[in-house]
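Structural characterization, general
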Amino acid sequence: MSDARSLGMVVGVLLGCVFAVMIFKFANRNGKAATKYDERQSVLRGRGYMYGFYAVLICEALMVTLSSMRWEIPVEREVLHFLIIIVGIFVQVSYCVWKDAYWGLNNDKRRYTIVFLAIGILNLITPLRSFMDGSMLTDGKLQASFLPLLCSVVLILLGLELAIKELVDKQKEGD
C-alpha cells in the first residue's frame, strides 16, 4: 500500500470517528454522544459483543487456514480484514436487535433511521464511480472502493432487520 493511500485511510478513519460523534449527538434525544441503556440491555449487549468477537475469531481462523493452504482470495488484504470486522459488527447488532437491546433509552429512532438511510445512499456514490471506471477490481482483486458498497449493504440489511423486528413486535402486541 502506498504512503498516500495509507495516510488517506488514517485520515478517513479519523474523520469517520468525528462524524460518528456528531451523528450520535444529533440522533440522541438528549444531544449527548453516549447512548444510555438499562441493566438488561447492557447485559445483552455484552453478550452480543461476545458473539461478534467469536464471529471475528472464526473468520480470522478461516482466513489463516485458507492462507496456509495457499488459497488465493480475490480481495485485497485490507478489504478482507475490514469485511471480517463488518461480520463481527453485524453479528453483534443482529443479536442486540432481536433481544431488544439495540435502541438505547435516549435514542430517537426516527433520526437514526434518517441518518442510516442518508449514509447508506451516500456510500453508494464511490462504488458506483469505481464500478463505472473499472477500478473496483484490479488484477482480479476487489479494492478498497468496494468497502462503501459493503457498508451500504450492511446498513440496508440493518434497516430491513429493524423493520422486520418492528413488525414482529407489533404482531405480538396485537395477539
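I will try to describe carefully the structure that is included in this document. As the structure is a prediction and not an experimental result, all values here were calculated from the model. (Residues numbered from 1 in each chain as written. Predicted model: local features only at pLDDT ≥ 70, side-chain atom pairs only at ≥ 80, totals over all residues. Heavy atoms only, no water.)

**Some thoughts on the overall build of the protein chain**
Helices and strands together make up the secondary structure of the protein chain, namely six helices and two strands. Traced from its N-terminal end to its C-terminal end, the protein chain shows the element sequence α-α-α-α-α-β-β-α. Projecting the C-alpha coordinates of the protein chain onto the three principal axes gives extents of approximately 55 × 35 × 30 Å. Counting across all 175 residues of the protein chain, residues that qualify as buried make up 30%. Restricting the contact set of the protein chain to residue pairs at least 6 apart, pairs at least 24 apart contribute 77%. Accessible area for the protein chain stands at about 11,600 Å²; split by element, carbon and sulfur atoms hold 70% of it. Side-chain charges of the protein chain comprise 19 positive and 16 negative groups, with the mean position of each set lying 6 Å from the other. (Helix = DSSP H or I, 4+ residues; strand = E, 2+ residues; numbered from the N terminus. Buried < 20%, exposed > 50% of the residue type's maximum accessible area, 1.4 Å probe, protein only. Contact = heavy atoms within 4.5 Å. Areas by Shrake-Rupley, 256 points an atom, 1.4 Å probe, with all protein chains shown as cover. Lys, Arg positive; Asp, Glu negative; His and termini not counted. Charge placed at Lys NZ, Arg CZ, Asp CG, Glu CD.)

**A look at the pattern of salt bridges**
Scanning the model with the defined rule gives four salt bridges in all. With a closest N to O distance of 2.8 Å, Glu72 and Lys141 form a salt bridge. Of this pair, Glu72 sits in the loop between helix 2 (39-68) and helix 3 (77-98) while Lys141 sits in strand 2 (residues 141-142), and the two are 69 residues apart along the sequence. Relative accessible area serves as the criterion here: at 25%, Lys141 is assigned to the partly exposed category. For the salt bridge of Asp108 with Arg111, the shortest nitrogen-to-oxygen distance reads 3.6 Å. For Asp108, a relative accessible area of 17% puts it in the buried group. Judged by its relative accessible area of 27%, Arg111 falls in the partly exposed class. Members of the salt-bridge network, linked through shared partners, are Asp100, Lys165 and Asp169. (Salt bridge = Lys/Arg side-chain N within 4 Å of Asp/Glu carboxyl O.)

**Some points on the packing of helix 2 against helix 3**
In contact at an axis separation of 8 Å, helix 2 and helix 3 are set at 150° when each is read in the N-to-C sense. On the basis of their axis angle, the class for helix 2 and helix 3 is roughly antiparallel. For the element pair helix 2 and helix 3, the recorded crossing hand is right-handed. Contacts between helix 2 and helix 3 involve Leu44, Arg45, Arg47, Gly48, Tyr49, Tyr51, Gly52, Ala55, Val56, Cys59, Glu60 and Met63 from the former and Leu80, His81, Ile84, Val87, Gly88, Val91, Gln92, Tyr95 and Cys96 from the latter. Each residue belonging to the contact of helix 2 with helix 3 can be placed in one class, and the counts come to 13 nonpolar, five polar and three charged. (Axes fitted to C-alpha atoms, helices over the stretch in contact; angles between N-to-C directions. Parallel < 35°, antiparallel > 145°, perpendicular 65-115°, else oblique. Left-handed = near helix turned anticlockwise from the far one by under 90°. Nonpolar A, V, L, I, M, F, W, Y, C, P; charged D, E, K, R; others polar.)

**Description of the packing of aromatic side chains**
In this structure the tally under the stated criterion is five aromatic pairs. Ring plane angle 75° and centroid distance 5.0 Å describe the contact between Tyr102 and Trp103, whose orientation is recorded as edge-to-face. Each member of the pair, Tyr102 together with Trp103, is buried. Both rings, one in Trp103 and one in Tyr112, keep their centres 5.8 Å apart while their planes meet at 65°; by these two values the pair is edge-to-face. (Phe/Tyr/Trp six-rings, centres within 6.5 Å; stacked < 30°, edge-to-face > 60°.)

**Quick notes on unusual backbone geometry**
Despite not being glycine, Arg70 has its phi angle at roughly 65°, a positive value. Mapping Arg70 onto the fold places it in the loop between helix 2 and helix 3. One non-glycine residue, Asp100, lies in positive phi territory at about 55°. Relative to the helices and strands, Asp100 resides in the loop between helix 3 and helix 4 (109-122).

**Here we look at helix 6 (residues 147-174)**
Over its 28 residues, helix 6 extends 40 Å from the first C-alpha to the last, a length consistent with the 40 Å expected when each residue adds 1.5 Å. On its buried face, helix 6 is in contact with helix 3, helix 4 and helix 5 (125-133). (Expected span 1.5 Å × (residues − 1).)

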